[in-house]
2 protein chains.
Amino acid sequence: MNFKISLIATVLLGISGQAMAAEEPIKPIKPVQSINLGQVELGKKLYFDPRLSKSGFISCNSCHNLSMGGTDNLKTSIGHNWQQGPINAPTVLNSSLNVAQFWDGRAADLKAQAGGPIANPGEMAASHTLAVEVLESIPEYVMEFKKVFGVDKITIDEVTQAIAEFEKTLVTPNSDFDKWLLGDKAALSGEELKGYKLFKKSGCTACHNGEAVGGNSFQKMGLVEAYKTDSKAEGLSAVTGKDADRFKFKVPTLRNVEMTYPYFHDGEAQTLTEAVDVMGRLQLGRKFTDEENGQIVAFLKTLTGDQPSFMMPILPPSTDNTPAPKPFD
Amino acid sequence: MNFKISLIATVLLGISGQAMAAEEPIKPIKPVQSINLGQVELGKKLYFDPRLSKSGFISCNSCHNLSMGGTDNLKTSIGHNWQQGPINAPTVLNSSLNVAQFWDGRAADLKAQAGGPIANPGEMAASHTLAVEVLESIPEYVMEFKKVFGVDKITIDEVTQAIAEFEKTLVTPNSDFDKWLLGDKAALSGEELKGYKLFKKSGCTACHNGEAVGGNSFQKMGLVEAYKTDSKAEGLSAVTGKDADRFKFKVPTLRNVEMTYPYFHDGEAQTLTEAVDVMGRLQLGRKFTDEENGQIVAFLKTLTGDQPSFMMPILPPSTDNTPAPKPFD
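Calculation notes
Residues numbered from 1 in each chain as written. Chains lettered and ligands numbered in written order. Predicted model: local features only at pLDDT ≥ 70, side-chain atom pairs only at ≥ 80, totals over all residues. Heavy atoms only, no water. Helix = DSSP H or I, 4+ residues; strand = E, 2+ residues; numbered from the N terminus. Rg over C-alpha atoms; globule rule 2.2 N^0.38 Å. Contact = heavy atoms within 4.5 Å. Areas by Shrake-Rupley, 256 points an atom, 1.4 Å probe, with all protein chains shown as cover. Lys, Arg positive; Asp, Glu negative; His and termini not counted. Charge placed at Lys NZ, Arg CZ, Asp CG, Glu CD. Buried area = accessible area lost by both parts, 1.4 Å probe. Salt bridge = Lys/Arg side-chain N within 4 Å of Asp/Glu carboxyl O. Polar contact = N/O pair within 3.5 Å; in protein donor to acceptor, adjacent residues only side chain to side chain. Nonpolar A, V, L, I, M, F, W, Y, C, P; charged D, E, K, R; others polar. Domains from an automatic or database assignment. Least-squares fit on C-alpha atoms with pLDDT ≥ 70 in both.

1. Some details on the overall build of chain A
Turning to step 1, where the next piece is worked out: Each helix and strand counted, chain A has 12 helices and 2 strands in total.
Turning to step 2, where the next piece is worked out: When the helices and strands of chain A are placed in sequence order, the string is α-α-α-α-α-α-α-α-α-β-α-β-α-α.
Turning to step 3, where the next piece is worked out: Taken over the C-alpha trace, chain A has a radius of gyration of 22 Å; the compact-globule value for 329 residues is 20 Å, and the two agree within 12%.
Turning to step 4, where the next piece is worked out: Reported as C-alpha extents along the three principal axes, the dimensions of chain A are approximately 65 × 60 × 30 Å.
Turning to step 5, where the next piece is worked out: A sequence separation of at least 24 residues applies to 70% of the contacts in chain A between residues at least 6 apart.
Turning to step 6, where the next piece is worked out: As displayed, chain A has an accessible area near 14,400 Å², and 56% of this comes from carbon and sulfur atoms.
Turning to step 7, where the next piece is worked out: Of the side chains in chain A, 33 bear a positive and 39 a negative charge, and the two mean positions are spaced by 4 Å.

So, in structure tokens, the structure goes:
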């Protein structure tokens, strides 16, 4: 009898959970559906390998640090020779869910993105040729590329493919909010739930929706009121050449937003409180009270999911033939 | 019967293995004997936390990268604002076995060492006060320090103690050479064994001996013939003030030496072949033939042991009260 009741309750909970998730503008993060594990393991090494940079000091993980929400928690990043980057490093977490990559969407997908920083003189400052030359000089890498891709000669194509495949594993399911979406009513506190309702009612979900709570559209920064910034970034117009696209940026994901401070493309908002206030005023023409702001922030913190969990990779050593890093040239 | 023979063989192998290890100048690495696991877990986070630096970009792992033999594989390290360090970053692997820390031994132990780079203006460029202020602003850290050390207020003393305790776990047992020392005759090839015999006979083991194959004495760099270098490092004399100690450096461990390139305190030797040649000429007054050099290099590569194996730590996020990093001040 008890068993039956419990079974019925589970079924009902399951149905109402699904129904609820179906109605909400935010969807729970799905586990990774299809992945090439050989590419993932190789890509993980490449992601952590600073030898893909000219200096031998900067890896993908330097600015998209997987111990820190997949970002560097700096306003703008530090590149080769301590150059100051032009824009805030977006998180790599859940980036496979983005409609395109970079704030201005100039890369169609993760594979296209991965080649960018390696060759950017302000970031890793290497070249694709140099990166491949380094990898080709290391027998363990040569063997692993052969095993995984069946190639005798490494090209940047396999390098970026492997990095992208690793990055696809960096989703963060099981946040409290997802548990709530999936039917666990107790997963959110009253304050958090109020925050979510206000987040929806105020119109935040017009842009911050879907699995990634953002990442799926470009929107103008400063819709109701102009955004004042020293940043020279112009957003989508740099890609499309259209004036109408000036200051349109990819809507950032709000998944794990508690960990991905500071906020906005220029990193000028240091706290969630500040970010919520600015978004309310500039995008929605609404001044949230301190209480409302606190509720939304409480809700946003329920979007922190399971962080990537893996063994620290061990990189194969360079050989006598590996081009030496040039940090001070 | 078979079982008995196998048992006897095992016992004999055990005895002969122990006898062999006892006679050899190099000893197998012992597993970690006594460790505080709470401190280790906390120390691991601190080791990976770039918020202990002024820029928020440099952590202990930046220059003592556990994916890369516990070093940065650069001649000299990159510090705050891309400053060029004065000396080659020694590996953190097996550093608990060192007689003292730093090339000049100016820190008595790992705990004393750990505070150095945090406050060094050319390295992490923070201060102990700032580092503690950052940690104190993060509730998860405050709780963890309380749990592990029973303190209500964090001081640099607990910070360096935890980092040191984590570093004590970074030993690398089970190298092929240790297997050989422990009785597995098949663990070394003929070439590798020739290399070891030559290494001993030539006198390398006068300095490179013990568990870490070095790390337990200070010796003059350039004993038979002067070492020519642009490096301004003077070694032990900077600590003792004694002229006799000029150019005396701590003998580096040769454990994992295949991974800890480039070599010497100035990082000027890019390859093992070059390092063996220079050591032979300058320290022993002996020019190894190419064949001999190759044998010694083959032996040295058998000193690579199990690399540290652990889950990438996830760092607790900063709060609104955390002092912001200042990378470009």
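2. Examining the interface of chain B and chain A
Turning to step 1, where the next piece is worked out: Every contact between the two is made by 48 residues of chain B and, on the other side, 48 residues of chain A.
Turning to step 2, where the next piece is worked out: For the pairing of chain B and chain A, the buried interface totals around 3,900 Å² over both sides, and the portion due to carbon and sulfur atoms is 71%.
Turning to step 3, where the next piece is worked out: The largest share of the area that chain B buries against chain A comes from Phe 57, Trp 82 and Met 312 of chain B, three residues that together contribute 23% of it.
Turning to step 4, where the next piece is worked out: Counting across the chain B and chain A interface gives 0 salt bridges.
Turning to step 5, where the next piece is worked out: Where chain B meets chain A, there are 12 residue pairs in polar contact (both at pLDDT 80 or more).
Turning to step 6, where the next piece is worked out: Sort the elements by how many residues they give to the side of chain B that touches chain A and helix H3 (residues 60-63) of chain B lands first, with 3 residues.
Turning to step 7, where the next piece is worked out: Classifying every residue of the side of chain B that touches chain A by side-chain character gives 24 nonpolar, 20 polar and 4 charged.

3. So, the domain arrangement of chain A
All names here are of chain A.
Turning to step 1, where the next piece is worked out: Domain parsing of chain A yields domain 1 (37-168) and domain 2 (176-303).
Turning to step 2, where the next piece is worked out: For domain 1 and domain 2, the distance between their C-alpha centres works out to 27 Å.
Turning to step 3, where the next piece is worked out: Every contact between the two is made by 24 residues of domain 1 and, on the other side, 28 residues of domain 2.
Turning to step 4, where the next piece is worked out: With its nearest N and O atoms 3.6 Å apart, the salt bridge here joins Lys 75 to Glu 268.
Turning to step 5, where the next piece is worked out: In terms of residue class, the side of domain 1 that touches domain 2 is built from 10 nonpolar, 11 polar and 3 charged.

4. Concerning the relation of the copies chain B and chain A
Turning to step 1, where the next piece is worked out: Placing chain B over chain A gives an RMSD of 0.0 Å and needs a rotation angle of 180°, together with 0.0 Å of translation along the axis. Here the copies are linked by what is in effect a two-fold axis. Among all C-alpha atoms of chain B, that of Met 311 of chain B lies closest to the rotation axis, at 2.1 Å.
Turning to step 2, where the next piece is worked out: A share of 100% of the interface residues of chain B reappears at the interface of chain A, consistent with the copies meeting face to face through the same patch.

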